[in-house]
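Chain and residue survey
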Amino acid sequence: MPLIDIPSRIVSPNADLAIWQVDEDEDVLLDLCQRCGVDTETILNTKLAKRRIELLAEHLLLHALNGCVSPISHTPTGAPYIADSTLNISISHTRGYVAMAISRRCIGIDIEHFSDKVLRVRQKFLNEAEARHIEADNVALNIAAWTAKEALYKAVLTPGINLSHHIPIDAQAIAGNGNWVSTVCGKQFDVSTHIAADYAISLAIENTLQ
(Lines give C-alpha, C1' and ligand atoms only; values in the text may rest on other atoms or scores of the structure.)
Protein backbone atom coordinates (compact mmCIF):
# COMPACT_ATOMS: atom_id res chain seq x y z
CA MET A 1 0.00 0.00 0.00
CA PRO A 2 2.47 2.63 -1.16
CA LEU A 3 2.02 6.29 -0.33
CA ILE A 4 2.14 8.43 -3.46
CA ASP A 5 4.01 11.72 -3.53
CA ILE A 6 1.56 14.59 -3.12
CA PRO A 7 1.49 16.75 -6.28
CA SER A 8 3.13 20.07 -5.41
CA ARG A 9 0.16 21.91 -6.90
CA ILE A 10 -2.19 20.76 -4.11
CA VAL A 11 0.22 20.90 -1.16
CA SER A 12 -1.16 23.28 1.50
CA PRO A 13 0.50 24.65 4.66
CA ASN A 14 -2.91 24.45 6.33
CA ALA A 15 -3.60 20.75 5.75
CA ASP A 16 -2.01 17.34 5.90
CA LEU A 17 -2.63 15.26 2.78
CA ALA A 18 -1.98 11.70 1.70
CA ILE A 19 -2.77 9.49 -1.30
CA TRP A 20 -2.44 5.73 -1.03
CA GLN A 21 -2.48 3.30 -3.92
CA VAL A 22 -4.26 0.25 -2.56
CA ASP A 23 -2.81 -2.96 -3.96
CA GLU A 24 -3.04 -5.27 -0.92
CA ASP A 25 -5.79 -7.70 -0.05
CA GLU A 26 -7.97 -7.38 3.03
CA ASP A 27 -5.89 -9.69 5.24
CA VAL A 28 -2.75 -7.63 4.68
CA LEU A 29 -4.55 -4.36 5.42
CA LEU A 30 -6.12 -5.88 8.53
CA ASP A 31 -2.73 -7.00 9.82
CA LEU A 32 -1.25 -3.54 9.20
CA CYS A 33 -4.13 -1.88 11.08
CA GLN A 34 -3.81 -4.19 14.04
CA ARG A 35 -0.07 -3.60 14.21
CA CYS A 36 -0.76 0.14 14.34
CA GLY A 37 -3.22 -0.30 17.20
CA VAL A 38 -6.38 0.43 15.21
CA ASP A 39 -9.53 -1.12 16.69
CA THR A 40 -10.82 -3.17 13.75
CA GLU A 41 -13.88 -4.79 15.37
CA THR A 42 -16.44 -2.42 13.84
CA ILE A 43 -14.71 -2.57 10.46
CA LEU A 44 -14.87 -6.36 10.40
CA ASN A 45 -18.62 -6.21 11.03
CA THR A 46 -19.08 -4.36 7.73
CA LYS A 47 -20.77 -6.72 5.25
CA LEU A 48 -19.24 -5.67 1.94
CA ALA A 49 -15.60 -6.69 1.41
CA LYS A 50 -14.97 -3.64 -0.79
CA ARG A 51 -16.13 -1.33 1.99
CA ARG A 52 -14.03 -3.16 4.60
CA ILE A 53 -10.96 -2.62 2.45
CA GLU A 54 -11.81 1.07 2.10
CA LEU A 55 -12.25 1.47 5.87
CA LEU A 56 -9.01 -0.33 6.66
CA ALA A 57 -7.18 1.87 4.14
CA GLU A 58 -8.73 5.01 5.65
CA HIS A 59 -7.48 4.15 9.13
CA LEU A 60 -4.02 3.33 7.82
CA LEU A 61 -3.92 6.68 6.02
CA LEU A 62 -4.96 8.53 9.16
CA HIS A 63 -2.23 6.77 11.13
CA ALA A 64 0.30 7.57 8.40
CA LEU A 65 -0.65 11.26 8.47
CA ASN A 66 -0.45 11.95 12.20
CA GLY A 67 -0.19 8.69 14.14
CA CYS A 68 -3.89 8.79 15.08
CA VAL A 69 -5.67 5.48 15.74
CA SER A 70 -9.02 7.00 16.73
CA PRO A 71 -12.06 5.61 14.89
CA ILE A 72 -13.28 7.39 11.78
CA SER A 73 -17.03 7.85 12.11
CA HIS A 74 -19.64 9.37 9.81
CA THR A 75 -22.45 11.85 10.32
CA PRO A 76 -26.01 10.99 9.16
CA THR A 77 -25.20 12.77 5.88
CA GLY A 78 -22.11 10.61 5.36
CA ALA A 79 -19.45 13.19 6.21
CA PRO A 80 -16.47 11.63 8.02
CA TYR A 81 -15.11 12.83 11.34
CA ILE A 82 -12.41 11.69 13.75
CA ALA A 83 -13.69 10.60 17.13
CA ASP A 84 -12.37 12.68 20.04
CA SER A 85 -10.65 15.20 17.74
CA THR A 86 -11.18 18.82 16.72
CA LEU A 87 -9.56 18.20 13.34
CA ASN A 88 -11.67 18.21 10.18
CA ILE A 89 -11.21 15.31 7.80
CA SER A 90 -12.13 14.61 4.20
CA ILE A 91 -11.78 11.27 2.42
CA SER A 92 -12.20 10.16 -1.18
CA HIS A 93 -12.00 6.77 -2.90
CA THR A 94 -11.63 5.83 -6.51
CA ARG A 95 -10.46 2.75 -8.35
CA GLY A 96 -7.18 1.74 -6.70
CA TYR A 97 -6.69 4.94 -4.69
CA VAL A 98 -7.67 6.52 -1.38
CA ALA A 99 -7.02 10.19 -0.63
CA MET A 100 -7.30 11.95 2.72
CA ALA A 101 -6.93 15.51 4.00
CA ILE A 102 -7.04 16.74 7.60
CA SER A 103 -7.05 20.32 8.79
CA ARG A 104 -8.32 22.67 11.48
CA ARG A 105 -10.15 24.49 8.68
CA CYS A 106 -13.14 23.31 6.65
CA ILE A 107 -11.70 21.06 3.98
CA GLY A 108 -12.69 18.81 1.09
CA ILE A 109 -10.72 16.42 -1.10
CA ASP A 110 -11.83 14.38 -4.08
CA ILE A 111 -10.00 11.92 -6.32
CA GLU A 112 -11.48 10.27 -9.40
CA HIS A 113 -10.09 7.70 -11.83
CA PHE A 114 -10.51 8.61 -15.49
CA SER A 115 -13.71 7.30 -17.08
CA ASP A 116 -15.51 8.47 -20.19
CA LYS A 117 -18.80 8.12 -18.31
CA VAL A 118 -18.21 11.69 -17.08
CA LEU A 119 -18.79 12.99 -20.60
CA ARG A 120 -22.40 11.81 -20.49
CA VAL A 121 -23.23 13.65 -17.24
CA ARG A 122 -21.17 16.84 -17.54
CA GLN A 123 -24.29 18.95 -18.04
CA LYS A 124 -25.39 17.93 -14.53
CA PHE A 125 -22.40 19.51 -12.76
CA LEU A 126 -21.14 22.22 -15.14
CA ASN A 127 -23.04 25.42 -15.80
CA GLU A 128 -23.08 26.91 -19.29
CA ALA A 129 -20.16 29.29 -18.71
CA GLU A 130 -17.98 26.55 -17.22
CA ALA A 131 -18.83 24.11 -20.00
CA ARG A 132 -17.52 26.54 -22.60
CA HIS A 133 -14.00 26.21 -21.16
CA ILE A 134 -14.04 22.44 -20.56
CA GLU A 135 -13.81 20.53 -23.84
CA ALA A 136 -16.80 18.23 -24.23
CA ASP A 137 -14.65 15.27 -25.33
CA ASN A 138 -11.75 15.75 -22.88
CA VAL A 139 -12.10 13.09 -20.17
CA ALA A 140 -9.23 14.37 -18.01
CA LEU A 141 -10.52 17.97 -17.86
CA ASN A 142 -14.10 16.90 -17.17
CA ILE A 143 -12.97 14.56 -14.37
CA ALA A 144 -10.82 17.37 -12.95
CA ALA A 145 -13.81 19.72 -12.99
CA TRP A 146 -15.92 17.07 -11.25
CA THR A 147 -13.31 16.62 -8.49
CA ALA A 148 -13.20 20.39 -7.95
CA LYS A 149 -16.97 20.56 -7.54
CA GLU A 150 -16.98 17.56 -5.18
CA ALA A 151 -14.11 18.91 -3.07
CA LEU A 152 -15.96 22.21 -2.60
CA TYR A 153 -19.22 20.41 -1.83
CA LYS A 154 -17.48 18.44 0.93
CA ALA A 155 -15.75 21.53 2.31
CA VAL A 156 -18.79 23.79 2.51
CA LEU A 157 -20.88 21.30 4.54
CA THR A 158 -24.22 22.65 3.32
CA PRO A 159 -26.68 19.88 2.38
CA GLY A 160 -28.92 20.34 -0.62
CA ILE A 161 -26.76 22.66 -2.69
CA ASN A 162 -26.56 22.01 -6.43
CA LEU A 163 -23.18 21.29 -8.02
CA SER A 164 -24.01 23.17 -11.21
CA HIS A 165 -25.74 26.26 -9.83
CA HIS A 166 -24.33 26.75 -6.32
CA ILE A 167 -20.69 25.68 -6.62
CA PRO A 168 -18.71 27.83 -9.06
CA ILE A 169 -15.34 26.70 -10.38
CA ASP A 170 -12.75 28.47 -12.50
CA ALA A 171 -12.83 26.25 -15.57
CA GLN A 172 -10.01 28.21 -17.22
CA ALA A 173 -7.79 27.65 -14.18
CA ILE A 174 -8.50 23.91 -14.23
CA ALA A 175 -7.36 23.82 -17.84
CA GLY A 176 -4.39 26.00 -16.91
CA ASN A 177 -2.51 26.34 -13.63
CA GLY A 178 -5.10 24.53 -11.49
CA ASN A 179 -5.29 27.04 -8.62
CA TRP A 180 -8.03 29.55 -7.90
CA VAL A 181 -10.46 30.91 -5.29
CA SER A 182 -14.16 30.01 -5.09
CA THR A 183 -16.92 31.50 -2.96
CA VAL A 184 -19.67 29.07 -1.95
CA CYS A 185 -22.51 29.93 0.44
CA GLY A 186 -20.68 33.06 1.55
CA LYS A 187 -17.45 31.21 2.39
CA GLN A 188 -14.23 31.58 0.45
CA PHE A 189 -12.11 28.55 -0.43
CA ASP A 190 -8.68 28.08 -1.95
CA VAL A 191 -8.95 25.32 -4.55
CA SER A 192 -6.20 23.33 -6.25
CA THR A 193 -6.58 20.69 -8.95
CA HIS A 194 -4.01 18.26 -10.35
CA ILE A 195 -4.36 15.94 -13.34
CA ALA A 196 -2.22 12.78 -13.13
CA ALA A 197 -1.74 9.90 -15.56
CA ASP A 198 -4.95 8.06 -14.68
CA TYR A 199 -6.78 10.25 -12.17
CA ALA A 200 -7.52 13.83 -11.15
CA ILE A 201 -7.55 15.19 -7.62
CA SER A 202 -8.77 18.45 -6.08
CA LEU A 203 -8.39 20.05 -2.66
CA ALA A 204 -10.62 22.83 -1.29
CA ILE A 205 -9.70 24.52 1.99
CA GLU A 206 -11.45 27.43 3.66
CA ASN A 207 -9.64 30.75 3.50
CA THR A 208 -10.07 32.16 6.99
CA LEU A 209 -8.27 35.42 6.13
CA GLN A 210 -11.09 36.78 3.92
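The following paragraphs examine the structure supplied in this document.

Conventions used here
Residues numbered from 1 in each chain as written. Predicted model: local features only at pLDDT ≥ 70, side-chain atom pairs only at ≥ 80, totals over all residues. Heavy atoms only, no water. Pairing = 2+ DSSP bridges. Helix = DSSP H or I, 4+ residues; strand = E, 2+ residues; numbered from the N terminus. Contact = heavy atoms within 4.5 Å. Axes fitted to C-alpha atoms, helices over the stretch in contact; angles between N-to-C directions. Salt bridge = Lys/Arg side-chain N within 4 Å of Asp/Glu carboxyl O. Buried < 20%, exposed > 50% of the residue type's maximum accessible area, 1.4 Å probe, protein only. Polar contact = N/O pair within 3.5 Å; in protein donor to acceptor, adjacent residues only side chain to side chain. Expected span 1.5 Å × (residues − 1).

1. Some points on the sheet that holds strand E5 (residues 88-94)
The strand order across the open sheet formed by four strands is E1-E2-E6-E5, and the pairing between neighbours is antiparallel. Looking at the sheet topology across the chains shown, the edges are occupied by strand E1 (3-4) and E5. Two strands pair when backbone bridges link them, and E1 and strand E2 (residues 16-21) are joined in this way by two bridges, in the antiparallel orientation. Its bridge partner being in E2, Ile4 is matched across the sheet by Ile19. Contacts from helix H3 (residues 49-66) reach E1, E2, E5 and strand E6 (97-103) within the one sheet, and its direction differs from that of E6 by about 45 degrees.

2. Brief notes about the pattern of salt bridges
Counted by the stated rule, this structure contains seven salt bridges. Asp110 is paired through a salt bridge with Lys154; the nearest N and O atoms lie 3.2 Å apart. Taken together, the residues span a long stretch of sequence, with Asp110 in strand E7 (residues 107-113) and Lys154 in helix H6 (residues 139-156) at a distance of 44 residues. Overall, Asp110 belongs to the buried group, its relative accessible area being 3%. Through salt bridges with shared partners, a single ionic network connects Lys50, Arg51, Glu54 and Glu58.

3. Concerning the environment of Gln123
The residue Gln123 is located in helix H4 (residues 118-125) in this model. Separated by 3.3 Å, the side chain of Gln123 and the backbone oxygen of Arg120 make a polar contact.

4. Side note on the sheet that holds E7
The strand order across the open sheet built from four strands is E7-E10-E9-E8, with neighbouring strands paired in antiparallel fashion. Bordering the open sheet on either side are E7 and strand E8 (179-184), each of which pairs with just one other strand. Taken over all neighbouring pairs, the strand axes of this sheet differ in orientation by 20 degrees on average, direction set aside. Across six bridges, E8 lies against strand E9 (residues 187-195) in antiparallel orientation. Bridged to Val181 within E9 is Asp190. Sheet strands in contact with H6 are E7, E8, E9 and strand E10 (199-206), and its direction is about 150 degrees off that of E7.

5. Description of unusual backbone geometry
A positive phi angle, near 55 degrees, is found at Leu157, a position not held by glycine. With respect to the helices and strands, the residue Leu157 is situated in the loop between H6 and helix H7 (163-166). Positive phi values are uncommon outside glycine, yet Cys185 reaches one of about 55 degrees. Mapping Cys185 onto the fold places it in the loop between E8 and E9. Since its relative accessible area comes to 45%, Cys185 is described here as partly exposed.

6. Description of H3
Taking 1.5 Å per residue as the helical rise, H3 with its 18 residues ought to reach 26 Å, and the 26 Å between its terminal C-alpha atoms agrees with that figure. All of the buried residues along H3 are Arg52, Glu54, Leu55, Leu56, Ala57, Glu58, His59, Leu60, Leu61 and Leu62. Once H3 ends, the next one or two residues include Gly67, with phi positive near 75 degrees.

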